[in-house]
Amino acid sequence: MQRLIVALLLCVLLAACASTRMPAPLAQLPVLQLAPSALPQPLQLQQRLQFRFGSHERDLDALLEADGEQVRLAVQAMGQTGVRMVWDGNTLTQTRAPWLPAQVRGERVLDDLQFALWPAGAIRAALPPGWTLIESDGSRRLEQDGHAWLVLEPLGPGRQRLRNLAEGYELVIESLDMEQTQP
């Protein structure tokens, strides 16, 4: 799940980079804005993201740190930092590179991360009427009136795929837990 969140963020970034004009979403996904304290344990992840939006594909790198106080994320492309974000449960602070398209919205990235990594109960509590979170065999689906708009699927150890069907992008996430790799 932790890998998926970072991957989702990168997908949104890549989709924005792929085109200066993204088509209007087919559905407006709900805003989650979950508290960092709802995360059951701290995270330190390094991720490689493969983003696909239409015929455009990009590779990104991300660093994610989260604890009960804050969520911190940095996303890089070709050695340059595109965005740094800090979420404290009340305020989302972003530092953006000038080359980052305006369509890359930190709010969407945060929601994708939280969809992938936060506990299902916290997500369900934040959903508006008509929206449902379905979990099955390591997968998650965010549905509105029975139609899946956001899907997270396991691909094997350390790999997940996030498909945002509302906005038309896909993200494959490979994650490395930095705490497990430290000597």
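Cut-offs used in this document
- Residues numbered from 1 in each chain as written.
- Predicted model: local features only at pLDDT ≥ 70, side-chain atom pairs only at ≥ 80, totals over all residues.
- Heavy atoms only, no water.
- Pairing = 2+ DSSP bridges.
- Helix = DSSP H or I, 4+ residues; strand = E, 2+ residues; numbered from the N terminus.
- Axes fitted to C-alpha atoms, helices over the stretch in contact; angles between N-to-C directions.
- Core = buried A, V, L, I, M, F, W, Y, C linked by side-chain atoms within 4.5 Å.
- Buried < 20%, exposed > 50% of the residue type's maximum accessible area, 1.4 Å probe, protein only.
- Expected span 1.5 Å × (residues − 1).
- Salt bridge = Lys/Arg side-chain N within 4 Å of Asp/Glu carboxyl O.

Asks: Tell me about the sheet that holds strand S9 (residues 159–164), residues and numbers included.
Replies: Spatially, ten strands are ordered S5-S4-S3-S2-S1-S10-S9-S8-S7-S6 in an open sheet, and the strand pairing comes out antiparallel. Bordering the open sheet on either side are strand S5 (92–96) and strand S6 (131–136), each of which pairs with just one other strand. With direction set aside, neighbouring strand axes in the sheet form an average angle of 20°. Taken together, the eleven bridges between strand S1 (residues 43–53) and strand S2 (residues 56–66) define a ladder with antiparallel strand orientation. In the strand pairing of S2, Gln-44 is matched with Glu-65.

Asks: Talk me through the nonpolar core; I want residue IDs and the actual numbers.
Replies: Counting 45 residues, the largest nonpolar core has Leu-64, Leu-73, Phe-115, Trp-118, Ile-123 and Leu-127 as its most contacted members. Looking at which element gives the most residues to this core, the answer is helix H2 (residues 106–117), with six residues.

Asks: Explain H2 to me, using residue names and the numbers behind them.
Replies: Given a rise of 1.5 Å per residue, twelve residues ought to cover 16 Å, and the 16 Å separating the end C-alpha atoms of H2 matches this to within 8%. Burial of H2 is extensive: eleven of the twelve residues sit out of reach of the surface. For H2, the complete set of buried residues consists of Gly-106, Arg-108, Val-109, Leu-110, Asp-111, Asp-112, Leu-113, Gln-114, Phe-115, Ala-116 and Leu-117.

Asks: How would you sum up the pattern of salt bridges? Please name residues and give values.
Replies: For the coordinates displayed, the defined rule picks out eleven salt bridges. In this structure, the salt-bridge partner of Arg-140 is Glu-135, at a minimum N-O distance of 2.9 Å. Looking at Arg-140, the relative accessible area reads 3%, which means it is buried. Judged by relative accessible area, which is 39%, Glu-135 ranks as partly exposed. For the salt bridge of Glu-143 with Arg-141, the shortest nitrogen-to-oxygen distance reads 2.8 Å. In the salt-bridge network here, residues are joined through shared partners; they are Arg-52, Glu-57, Glu-153, Arg-161, Arg-163 and Glu-170.

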